[in-house]
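Residue-level structural notes
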Amino acid sequence: MTDFATWLSRLVRIPSVNPLQAGPTSGVPGEAALATELAACFRSLGADRVELEPLVDGRPNVYAVVRGRTDRVVALDVHTDTVTVENMTDPPFDGRVEHGAVWGRGALDTKASLGVICALLEDWQRTGLRPDPTLVVVGSIGEEAGGMPGAIGFRAWAERQGMEIDQLVIAEPTELRPVVGHKGGLAVRITVHGRSAHSATPDEGANAIYAAARVVSALEAHHHDLTAVPPATPVGTGTLTVSIIHGGVASNIVPELCTVSLGRRLAPGEDPAVEFERIAAIARDASPLPVTVEHQVAGETGMPAFYAEPAGLAGALAAAAGTTPTTAPFGTNALRYDGFAREKVVFGPGRIEDAHKPTEHVTLADLDRTAAALTAWLQPG
Ligand SMILES: [Zn+2]
């Protein structure tokens, strides 16, 4: 009998809080300790090739390749970072097994899938089995914050060696429903340029906040236009949210600058570059003053949505888990895999609503169901 809980407890006990969310009780921040431990485990569990690839500030992805019986290649991408533990009311790293569940930060999001795959590899090693496809297990850094460098790194790693991924499973809590789509994203900052003046003589200036208010109204109208059309896929329509406004320096000075930041969720088929230009045109048309429009983070030019009709991979995982395919309201590493892998789904045990909370756990029953689904996918023999 394979002990999934023991493996998972062991991984929960290694802190791997995302450095951008680290605090006084995080332990050593970052994924390095977990990745190093995983590399050692994968080696001892008979993986044919194991690599650590430092990507950001020495934080490494870990890759394990387990040769299969055929030349098909599939991958399981599990992020190794967790969210903060500073909001936890429960010991974050004890990994205790209690009330039919494993407890601690990351137990659900997303070390559960790592614990299960380690236990399955141990099982296969003991019984002399190999998966049908060659399996790449990826422990990727920086999913919870920081732009998903681990997913970017894995993709580049695979492409460098001409590795063609047939099917890709991205581990996240989806209640074991294969997620076949979610929205993409684009983050934009608009700056309105006015002219400052003493507020005693405001007409000698040009008030950037007044102009920005018109831009905000136009963006709100754009959001309503986006959501007024019937969605083309179950992922839903695009949306736009104005989320931050900054402007002005003192109550007796006409504001010279006002910046408006917004988040644009992209529906399948919407091109980030086209939508960026559309937003820029709306801002220019609405503002009586000059505007500059830029991406909020330099080099982050937006990520398209992902969606595909449920097919072989989604159907097989759903059948094995006793669930049905669905779409998700939240984003994942899948955003970095546009055009990569012939089929991809997001899949894993537990509810996303239970992640990032003051307590975190995954049930032993869900670990068993995860193992059954991954086994049906990988067909050891
Ligand atoms: Zn996650």
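Everything that follows concerns the structure shown earlier in this document.
As a starting point, this report considers the structure included with it. Note that the structure is predicted; figures quoted are calculated from it, not measured.

Moving on to the pattern of salt bridges. Summed over all chains, the structure comprises 24 salt bridges. Between Arg-72 and Asp-166 there is a salt bridge, and its shortest N-O distance comes to 3.0 Å. With Arg-72 in the loop between strand 2 (59-66) and strand 3 (73-79) and Asp-166 in the loop between helix 4 (149-160) and strand 7 (167-170), this residue pair connects regions lying 94 residues apart in the sequence. A salt bridge links Arg-96 to Glu-98; its shortest N-O distance comes to 3.4 Å. For Glu-98, a relative accessible area of 33% translates into the label partly exposed. Here the salt bridges do not stand alone but share partners, grouping Arg-69, Arg-72, Asp-132, Asp-166, Arg-342 and Glu-343 into one network.

It is worth spelling out the packing of aromatic side chains at this point. What the rule picks out here adds up to six aromatic pairs. Relative to Phe-154, the ring of Tyr-63 lies with its centre 6.1 Å away and its plane at 40°, an arrangement referred to as tilted. Within this pair, whereas Tyr-63 is found in strand 2, its partner Phe-154 is found in helix 4, the two being separated by 91 residues in sequence. Each of the two residues, Tyr-63 as well as Phe-154, counts as buried. When the ring of Phe-154 is compared with that of Tyr-337, the centres are 6.1 Å apart and the planes differ by 80°; the resulting orientation is edge-to-face. A residue pair is termed long-range when its members are at least 10 positions apart, and Phe-154 in helix 4 and Tyr-337 in the loop between strand 14 (326-328) and strand 15 (343-346) qualify at 183 residues. Phe-154 gets classed as buried once you look at its relative accessible area, which sits at 0%. A relative accessible area of 0% means that Tyr-337 is categorised as buried.

Basis of the calculations
- Residues numbered from 1 in each chain as written.
- Predicted model: local features only at pLDDT ≥ 70, side-chain atom pairs only at ≥ 80, totals over all residues.
- Heavy atoms only, no water.
- Salt bridge = Lys/Arg side-chain N within 4 Å of Asp/Glu carboxyl O.
- Helix = DSSP H or I, 4+ residues; strand = E, 2+ residues; numbered from the N terminus.
- Buried < 20%, exposed > 50% of the residue type's maximum accessible area, 1.4 Å probe, protein only.
- Phe/Tyr/Trp six-rings, centres within 6.5 Å; stacked < 30°, edge-to-face > 60°.

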